[in-house]
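# An overview of the molecular structure
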Amino acid sequence: MVAGLVALAMALGMFSLPVLLVASVLVGAVSAAHHPIRLAFIPRIVGRQALPSAIGLSATMFNTSRVLGPALSGALIANASVVFTLLFATGAYLASTIALTRVKLDYQPSTVQHKSILAELLEGIRTSAGRPVIRLILLLTVFNGLLGRTLLELLPALSGKLLGGSASELAWLTAAAGVGSIIGGLIIARLRDNHGLLFRIVIAGLAVAAVSLVPLYMAAQLWLLALLVGVVSLVTTVTGISSQALAQLTVADDMRGRVMSLWTVCSMGSPAIGTFGVGAVADHVGFATTLNAMAALALVALFWVWLPVRRQIRRAQAVNPSA
């Protein structure tokens, strides 16, 4: 609906900055609501053992669309028009909606009496705060957002500061990030229900991302910076999918939507905060000092959380020795 209305406004010559701002707010609100619903939808389709694999495949499709979408949109704008491109997007959304209505679920509706939105939100927060394993998963998700996702959000600044680059250099870096995220999703798509392994992957991914920050400021050549960005994107994707899979496997069905909403807040909110903070600090002390400080703080934080992570791995192995 938003894409169609924006296309109509452009066709009638009514498009302006206020229209763009309203459309951006609406898309942001819809996306924030849609994301946890989409995440909670996956366990209704696949079994528990295949859940990490399904999440990995879903993330791969999501990240592939983030790479192909802008490329396709650019081609359509160049060869047709912005209005046609928006109408094409509107048609794609409608096709997806029709496809979703044909999905059949083996699901029995809950008999629990529904409460107000605020009451259910508070219940989800209390449940997450009261369970150490969920708290730990959300904390690791925040670390991933502040570390890897923040760096990827700062690609335009990195390209300009480190390479003095143009749109071409930024396009190569963005493509490298996209390829890394797709490979990361495919790697996780081969996993099954294994709490211990997923926790180890999260810690290892965060450690690799932290170490990869150190040589970034010395990457004066495009190929080297693109390689490092690809590595950071790969491990950030692997870590994010693994933390999501852990949350999905840990939470009960009746609390899944609420807990995954909190996971979404941690996953999407932490990069926004991190980007603002890192960008402000880098303006004063430079990217080299900022990236090194980020790496050092990340490694200290990982050392701090390793003990509770190890406890969770031991509990998982006590239940399932192969975990």
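Before reading further, recall that the structure is shown in the block above.
Treat the numbers as computed from the prediction; the structure is a model and nothing was measured. (Residues numbered from 1 in each chain as written. Predicted model: local features only at pLDDT ≥ 70, side-chain atom pairs only at ≥ 80, totals over all residues. Heavy atoms only, no water.)

Here we take up helix 11 (residues 256-285). Think of an α-helix as turning once every 3.6 residues; residues three or four places apart then point the same way. Taking 1.5 Å per residue, 30 residues should reach 44 Å; helix 11 reaches 42 Å between its end C-alpha atoms and fits that length. Where helix 11 bends most, at G269, the angle is about 25°, and the proline P271 comes one to four residues later. G286 sits one or two positions beyond helix 11 and adopts a positive phi of about 90°. (Helix = DSSP H or I, 4+ residues; strand = E, 2+ residues; numbered from the N terminus. Expected span 1.5 Å × (residues − 1). Bend = angle between axes of the 7 residues up to and from the residue.)

With that settled, consider the packing of helix 10 (residues 222-250) against helix 11. In contact at an axis separation of 10 Å, helix 10 and helix 11 are set at 155° when each is read in the N-to-C sense. On the basis of their axis angle, the class for helix 10 and helix 11 is roughly antiparallel. Our pair here, helix 10 against helix 11, has a crossing hand that is right-handed. Residue-level inspection shows G240, S243, Q244, A247 and Q248 of helix 10 in contact with helix 11, the latter providing R256, M260 and W263. Split by residue class, the contact of helix 10 with helix 11 holds 3 nonpolar, 4 polar and 1 charged. (Axes fitted to C-alpha atoms, helices over the stretch in contact; angles between N-to-C directions. Parallel < 35°, antiparallel > 145°, perpendicular 65-115°, else oblique. Left-handed = near helix turned anticlockwise from the far one by under 90°. Contact = heavy atoms within 4.5 Å. Nonpolar A, V, L, I, M, F, W, Y, C, P; charged D, E, K, R; others polar.)

Here we come to the nonpolar core. Judged by nonpolar contacts, the single largest core of 66 residues is most densely connected at L140, L147, F199, L213 and L291. Here this core takes 12 residues from helix 10, the largest share from any one element. Not counting residues within four places of it along the chain, the set of residues in contact with L291 comprises L151, L158, L213, L216 and Y217. (Core = buried A, V, L, I, M, F, W, Y, C linked by side-chain atoms within 4.5 Å. Buried < 20%, exposed > 50% of the residue type's maximum accessible area, 1.4 Å probe, protein only.)

These figures come from the coordinates and say nothing about function on their own.
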